[in-house]
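# Per-entry structural report
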Amino acid sequence: ACYSKLNNEFGTRSANISFRTFLLSPCCTLGRAPKGSRNMFLSSGHANNTLGMPVGNLDCNIGGPEYSCSEMAAKIQLLPSRYSKFQFMACNDDDVVTLNGQRMSAKRGALPLRDRDICSVGARVFVFIE
């Protein structure tokens, strides 16, 4: 069931071109918006898709199959350090959140996020572009 949902979203070539978002504040929470919040947003007539959009308490709805991740799965923060301008963190230890293929955990804390790093939150894989 999950495979067919991912195939419907990404196609047979696994194109992820429909996902884009912009960081508009110093902190961006990523996760899968609940169906009720998505439906309420769509019924307002602002858009025909919630992918990459702020929905409810989320700054960025990552979409994907139901139960692929929680509503509050990961965060990207503008928090300059000597390694990078941005930090990436998992909000809990139940969701699958990775940075360059390495599984992250909330206990481990934030890691530096650099231009062209490959991130995943639930079923969504994306490249961070600074």
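Note: the structure precedes this text.
Report on the accompanying structure. (Residues numbered from 1 in each chain as written. Predicted model: local features only at pLDDT ≥ 70, side-chain atom pairs only at ≥ 80, totals over all residues. Heavy atoms only, no water.)

With that settled, the discussion passes to the pairing of strand E3 (residues 74-78). The pairing of strand E1 (residues 27-31) with E3 spans four bridges and is classified as antiparallel. Within the sheet, the bridge partner assigned to Leu-30 lies in E3 and is Ala-74. Across five bridges, the pairing between E3 and strand E4 (residues 86-90) is antiparallel. Its bridge partner lying in E4, Leu-78 is registered against Phe-86. (Pairing = 2+ DSSP bridges. Helix = DSSP H or I, 4+ residues; strand = E, 2+ residues; numbered from the N terminus.)

Bringing the sheet that holds E4 into the picture now. In a beta sheet, neighbouring strands pair by backbone hydrogen bonds and run either parallel or antiparallel. In spatial order, the strands read E2-E1-E3-E4-E7; together these five strands make up an open sheet with mixed pairing. Looking at strand neighbours, the two that pair on one side only are strand E2 (60-61) and strand E7 (111-113), the edges of this open sheet. By the bridge criterion, two bridges tie E1 to E2 in an arrangement that is parallel. By the bridge assignment for E2, Leu-30 is matched with Cys-60.

With that settled, the discussion passes to the sheet that holds strand E8 (residues 118-121). The strand order across the open sheet built from four strands is E6-E5-E8-E9, with neighbouring strands paired in antiparallel fashion. The open sheet has two free edges, formed respectively by strand E6 (102-103) and strand E9 (124-127), since each of these has just one partner strand. Pairing geometry for strand E5 (residues 97-99) and E8, over three bridges, is antiparallel. Looking at E8, one finds that Thr-98 is bridged to Ser-120.

Moving on: the packing of aromatic side chains. Scanning all chains against the criterion turns up one aromatic pair. Ring plane angle 65° and centroid distance 5.2 Å describe the contact between Phe-86 and Phe-128, whose orientation is recorded as edge-to-face. With a gap of 42 residues between them, Phe-86 in strand E4 and Phe-128 in the segment after E9 connect regions that are remote in the sequence. (Phe/Tyr/Trp six-rings, centres within 6.5 Å; stacked < 30°, edge-to-face > 60°.)

Another point: the nonpolar core. Counting 20 residues, the largest nonpolar core has Leu-30, Ile-76, Phe-88, Leu-113 and Val-121 as its most contacted members. Listing elements by their share of this core, those giving two or more residues are E1, E3, E4, E5, E7 and E8. Ranked by the residues each element gives to this core, the list is headed by E4, at three residues. Excluding residues that lie within four positions of it along the chain, Ile-76 makes contacts with Leu-23, Pro-26, Cys-27, Cys-28, Leu-30, Phe-86, Gln-87, Phe-88, Leu-113, Phe-126 and Phe-128. (Core = buried A, V, L, I, M, F, W, Y, C linked by side-chain atoms within 4.5 Å. Buried < 20%, exposed > 50% of the residue type's maximum accessible area, 1.4 Å probe, protein only. Contact = heavy atoms within 4.5 Å.)

Turning to the environment of Asn-57, a few remarks are in order. In this fold, Asn-57 is placed in the loop between helix H2 (35-43) and E2. Under the relative-accessibility criterion, Asn-57 is labelled exposed at 58%. Along the primary structure Asn-57 and Gly-31 are separated by 26 residues, whereas in three dimensions their C-alpha atoms are 9.7 Å apart. Not counting residues up to four positions away in its chain, the partners in contact with Asn-57 are Glu-71 and Met-72.

With respect to the helices and strands, the residue Thr-98 is situated in strand E5. Here Thr-98 falls in the buried class, since its relative accessible area comes to 14%. Polar side-chain contacts of Thr-98 include one of 2.4 Å to the side chain of Ser-120. (Polar contact = N/O pair within 3.5 Å; in protein donor to acceptor, adjacent residues only side chain to side chain.)

Another aspect to go through is the pattern of salt bridges. Within this structure, the stated rule accounts for two salt bridges. Of the charged contacts in the structure, one is a salt bridge between Lys-85 and Glu-130, with a shortest N-O distance of 3.7 Å. Separated by 45 residues along the polypeptide, Lys-85 in the loop between E3 and E4 and Glu-130 in the segment after E9 bring together distant segments of the chain. One salt bridge connects Lys-107 with Asp-93, and the closest N-O pair in it is separated by 3.6 Å. You can see Lys-107 sitting in the loop between E6 and E7 and its partner Asp-93 sitting in the loop between E4 and E5, a full 14 residues away along the chain. (Salt bridge = Lys/Arg side-chain N within 4 Å of Asp/Glu carboxyl O.)

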